[in-house]
Amino acid sequence: MSLVEVSRDGVVCVVRLRREEKLNALSSALESDLKDVLASDELRTSACVVVTGGERAFSAGADVNELRDRTPEAVVDYYRETGDVYERVAALPQPTLSAISGYCLGGGLELALATDFRIADETAAFGFPEVALGILPSSGGTQRVTRLVGPARAKELMLLRPRFDAREALAYGLVTEVVPDGTALGRALELARGLAELPPLAASVTKQAIDAMPESSQAAGILIERLAYGLLSQTEGAP
Ligand code: COA
C-alpha cells in the first residue's frame with residue numbers, strides 16, 4: 001500500500017501522507033511514493049495541489065531510523081534516489097499549499113516550506129530538531145527558511161528554539177494563515193479553489209518568476225518579469 005495517497009477534489013489535487021502510525025516520518029519509502037505521486041496524472045493535470053498529513057502530525061520529520069550510520073556515499077545516493085523529492089515539490093508549476101495539523105518537524109517542515117503557502121491549525125507544533133541531533137536541516141531548509149525570515153531568525157529557529165507554535169510561525173512569516181483546530185484542510189481547499197480559478201499560465205509564471213528572484217540579479221529578474229509579461233500578454237483573456 002502506498003504511503004502517500006493522491007485524490008482529486010475537482011481541479012485540486014490532494015496529496016496525503018499516510019504513515020500515521022509513525023507520525024508520517026519521512027522514510028525513503030514514503031519519499032519514493034511521494035515522487036510517484038508527483039508524476040501521477042491526478043497531480044499533473046491539476047490546477048493546484050494541497051499536501052496534508054494526519055490529525056496528530058503533518059510529519060514528524062526524517063525517519064530517524066534511516067539516519068543512523070549513513071556513509072558519505074549513502075548520503076549522495078539518498079539525494080539521487082529519493083532525497084530530491086523536496087526540490088521536485090518546490091518545482092511544481094502549479095500553486096501548492098500545505099494543510100498542517102499537529103507535529104510539523106524537521107523534514108516535515110521542510111516539505112511544507114517547499115509548497116507556496118502553509119495553512120496551519122492551532123494544534124500545529126513546529127521545530128527543527130536536526131542540530132540537536134548533530135546534523136542540520138538539509139532538504140532545502142537552510143535556504144528556504146533564510147529567504148523567508150532572514151538569517152538571524154533562521155539561526156534562532158534552528159539553534160535556539162526547539163519548538164514554536166502556529167501563532168509564532170505566523171508572526172515569523174513561516175505560515176500563511178492560522179485557523180481553528182481541524183479546519184486547516186478545509187481552508188487550504190478553499191484557497192486552492194480560488195487559486196485554481198486564476199488564469200493558470202499567469203499563476204504559474206508569476207510563481208516561477210518569484211522563485212527565481214533570489215537566484216537573479218535585479219537586472220536579470222526585471223528582464224524575466226518583462227519577458228514573462230510579453231508571453232502572458234499574448235494569452236487568451238489577457239488585456
Ligand atoms: N522517525 C521515525 N519514527 C518516528 C519519528 C521519526 N522522525 N517520529 C515519530 N516516530 C514514531 C515513533 O518511533 C513511534 O513509533 P512506535 O509506536 O513504533 O514506537 C510513533 O512514531 C509515535 O511516536 P511517539 O514518539 O510514540 O509519539 P509522541 O507523541 O510520544 O512524541 C514526537 C511525538 C514528535 C515528539 C516524537 O515522536 C519525536 O520526537 N519524534 C522525532 C522527531 C525528530 O527528531 N524528527 C526530525 C529528525 S531529523
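In what follows, the accompanying structure is described. (Residues numbered from 1 in each chain as written. Predicted model: local features only at pLDDT ≥ 70, side-chain atom pairs only at ≥ 80, totals over all residues. Heavy atoms only, no water.)

So, on to the overall build of the chain. Each helix and strand in the chain was counted, giving twelve helices and ten strands. Relative to the compact-globule value of 18 Å for 239 residues, the chain shows a C-alpha radius of gyration of 18 Å, a close match. Here the chain, with 239 residues, has 44% of them falling under the buried criterion. Contacts in the chain between residues at least 24 apart in sequence constitute 69% of all its contacts with a sequence separation of at least 6. A total accessible area of about 12,300 Å² is found for the chain, and carbon and sulfur atoms account for 57% of it. One way to put it: in the chain the 24 positive side-chain charges average out to a point 3 Å from where the 34 negative ones average out. (Helix = DSSP H or I, 4+ residues; strand = E, 2+ residues; numbered from the N terminus. Rg over C-alpha atoms; globule rule 2.2 N^0.38 Å. Buried < 20%, exposed > 50% of the residue type's maximum accessible area, 1.4 Å probe, protein only. Contact = heavy atoms within 4.5 Å. Areas by Shrake-Rupley, 256 points an atom, 1.4 Å probe, with all protein chains shown as cover. Lys, Arg positive; Asp, Glu negative; His and termini not counted. Charge placed at Lys NZ, Arg CZ, Asp CG, Glu CD.)

What follows concerns the packing of aromatic side chains. For any pair of aromatic rings, the description rests on two quantities: the centre-to-centre distance and the angle between the ring planes. In the structure shown here, the tally under the stated rule is three aromatic pairs. An angle of 15° between the planes, with centres 5.8 Å apart, marks the rings of Phe126 and Phe164 as stacked. Taken together, the residues Phe126 in strand β8 (residues 125–127) and Phe164 in strand β9 (residues 164–165) connect sequence positions 38 residues apart. Here Phe126 and Phe164 have matching classes, each one buried. Summarising the aromatic geometry, the rings of Phe164 and Tyr172 are spaced 5.8 Å apart at their centres and angled 65° between planes, so their arrangement reads as edge-to-face. (Phe/Tyr/Trp six-rings, centres within 6.5 Å; stacked < 30°, edge-to-face > 60°.)

It is worth spelling out the environment of Ala228 at this point. Along the chain, Ala228 turns up in helix α12 (residues 218–232). In this structure Ala228 comes out as buried when scored by relative accessible area, which is 14%. Taking the C-alpha atoms as reference points, Ala228 and Pro200, 28 residues apart in sequence, are found 13 Å from one another.

Our next topic: the site of the ligand. Around the ligand, a shell composed of 17 residues is seen, among which Lys22, Arg56, Ala60, Ala62 and Val64 lie nearest. With respect to the ligand, the side chain of Arg56 contributes an N or O atom lying 2.7 Å from an oxygen atom. Between a nitrogen atom of the ligand and a main-chain N or O atom of Ala62, the distance comes to 2.9 Å. Coverage of the ligand by the protein chains reaches 62% of its 860 Å² of free accessible surface. Looking at the shell around the ligand residue by residue, the classes come out as ten nonpolar, one polar and six charged. (Near = heavy atom within 4 Å. Polar contact = N/O pair within 3.5 Å; in protein donor to acceptor, adjacent residues only side chain to side chain. Nonpolar A, V, L, I, M, F, W, Y, C, P; charged D, E, K, R; others polar.)

Our focus in this paragraph is a nonpolar patch on the surface. On the surface, Val131, Leu136, Leu159 and Leu160 cluster together into a nonpolar patch covering about 400 Å² of accessible area. Along the chain, the position of Leu136 falls in the loop between β8 and α7 (141–149). Since its relative accessible area comes to 46%, Leu136 is described here as partly exposed. (Patch = residues over 30% accessible without salt bridge, like charges linked within 9 Å, V, L, I, M, F, W, Y side chains within 5 Å. Salt bridge = Lys/Arg side-chain N within 4 Å of Asp/Glu carboxyl O.)

A few words on the pairing of strand β2 (residues 12–17). Among the six residues of β2, five are classified as buried, and the element is accordingly described as predominantly covered. In terms of strand pairing, strand β1 (residues 4–9) meets β2 through six bridges, oriented antiparallel. Residue Asp9 lies in a different strand from β2, and its bridge partner there is Val12. Counting the residues that bridge the hairpin from β1 to β2 gives two residues, and of these Gly10 lies at a positive phi of roughly 65°. Summarising the sheet, β2 and strand β3 (residues 48–52) pair through five bridges and their orientation is parallel. Its bridge partner lying in β3, Val15 is registered against Val51. (Pairing = 2+ DSSP bridges.)

On to α7, then. Taken together, the buried positions of α7 are occupied by Gly141, Arg144, Val145 and Val149. Axial view of α7: buried residues confined to an arc of 100°, hence all on one face. Those residues of α7 that are buried are in contact with α5 (85–90), α6 (107–113), α8 (151–160) and α9 (166–172). (Arc of directions from axis to C-beta.)

Bringing unusual backbone geometry into the picture now. Within the chain, Asn24 stands out as a residue other than glycine whose phi angle is a positive 55°. On the accessibility criterion, Asn24 (1% relative accessible area) is buried. For Asp69, which is not a glycine, the phi torsion comes out positive at approximately 55°. Within the element layout of this structure, Asp69 appears in the loop between α3 (64–67) and α4 (72–81).

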